[in-house]
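# Topology and contacts: notes
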Amino acid sequence: MQLIQENPDFSAYLAADEVIDHHHPRVRDTAATLARGVADSYEYARAAFEFVRDAIAHSQDSGDLRVTWRASDVLEQRTGICYAKAHALAALLRAEDIPTALCYQKFDEVHGLVAVRFNGAWHRQDPRGNKPGVDAQFSLDGERLAFVPDPASNELDYPVLYAAPHPAVLDALRAAPDRPHLWQTLPTAL
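Attention here is on the structure that accompanies the text. (Residues numbered from 1 in each chain as written. Predicted model: local features only at pLDDT ≥ 70, side-chain atom pairs only at ≥ 80, totals over all residues. Heavy atoms only, no water.)

## A look at the nonpolar core
One finds Tyr 83 and Leu 92 to be the most contacted residues of the largest nonpolar core, which totals 50 residues. Every element with two or more residues in this core is listed here: α1 (25-35), α2 (41-55), α4 (71-77), α5 (82-95), β4 (100-106), β5 (110-118) and α6 (167-175). Apart from residues no more than four positions distant in its own chain, Leu 92 is found in contact with Val 27, Thr 30, Ala 31, Leu 34, Tyr 44, Ala 48, Phe 51, Val 52 and Leu 75. Counting residues in hydrophobic clusters, the runner-up holds 11 residues, among them Leu 3, Ala 12, Ala 101 and Leu 145. (Core = buried A, V, L, I, M, F, W, Y, C linked by side-chain atoms within 4.5 Å. Buried < 20%, exposed > 50% of the residue type's maximum accessible area, 1.4 Å probe, protein only. Helix = DSSP H or I, 4+ residues; strand = E, 2+ residues; numbered from the N terminus. Contact = heavy atoms within 4.5 Å.)

What follows is the structure, given as structure tokens:
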């Protein structure tokens, strides 16, 4: 699949906004901690990915009822669904000047992940968190995502790389008072 940048300007994939708030002290402090002891941006990206995948609980897996959507809140509360975890990873990567996009897959609901730009190409990464049957890994040598769509089941990879969260995703997150409510309003398509 060929990934398509929504915005041709790479600086859009480094920008901070209300959601990917990499200017926030919590994001900056976390990024600085992760950057200690790594040799290069590739090692940093792997460390940030593994931190979000492993240290931030996927709220559905853990049973946490809170809904987070802003990167700094995800890092503070250490919980979030796939979208929120993608926002946190994007903020950590952008904090270290690594171009990062948000991207999506369609299953019963839309699933969120990120793409990082290294060596002149975009590479999708899925920080949702591992569990039995899910083994997502950071990789620039072929995708190691949590889920692979089955076209026969009407599942698909959306090829668009977004600089900011898709409005349907952000609207659902912002409107949800808790995760059970969010589960009833997750987007089923983009």
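## Quick notes on the pattern of salt bridges
As enumerated under the stated definition, the model contains 11 salt bridges in all. Salt-bridge contacts for Arg 174 lead to Glu 18; the nearest nitrogen and oxygen are separated by 2.5 Å. Here Arg 174, found in helix α6, pairs with Glu 18, found in the loop between β1 (4-5) and α1; they are 156 residues apart in sequence, far enough to count as distant. Residue class for Glu 18 comes out partly exposed when judged on its relative accessible area of 45%. Notably, a salt bridge pairs Arg 26 with Glu 76, separated by 3.8 Å at the nearest N-O pair. Linking Arg 26 in helix α1 with Glu 76 in helix α4, this pair joins segments that are 50 residues apart in sequence. For Glu 76, a relative accessible area of 46% corresponds to the partly exposed category. Three or more residues are tied together by salt bridges with common partners; here these are Glu 18, Arg 70, Asp 73 and Arg 174. (Salt bridge = Lys/Arg side-chain N within 4 Å of Asp/Glu carboxyl O.)

## Concerning the packing of aromatic side chains
Centre distance and the angle of the planes are the two values used to describe a pair of aromatic rings. Under the defined criterion, the tally for this structure stands at eight aromatic pairs. Where Phe 49 meets Phe 138, the ring centres are 5.8 Å apart and the plane angle is 55°; that geometry is what we call tilted. Residue Phe 49 is found in helix α2, and its partner Phe 138 is found in the loop between β6 (121-125) and β7 (156-157); the two are separated by 89 residues along the sequence. With a relative accessible area of 0%, Phe 49 lands in the buried category. Its relative accessible area of 5% is what places Phe 138 among the buried residues. By the ring-pair criterion, three or more aromatic residues cluster together here, those being Tyr 42, Phe 49, Phe 118 and Phe 138. Positioned above the aromatic ring of Trp 69 is the side chain of Arg 174, whose terminal nitrogen or guanidinium carbon lies 4.7 Å from the ring centre. The ring centre of Trp 183 lies 6.0 Å from the NZ or CZ of Arg 179, which sits over that ring. (Phe/Tyr/Trp six-rings, centres within 6.5 Å; stacked < 30°, edge-to-face > 60°. Lys NZ or Arg CZ within 6 Å of the ring centre and 35° of its normal.)

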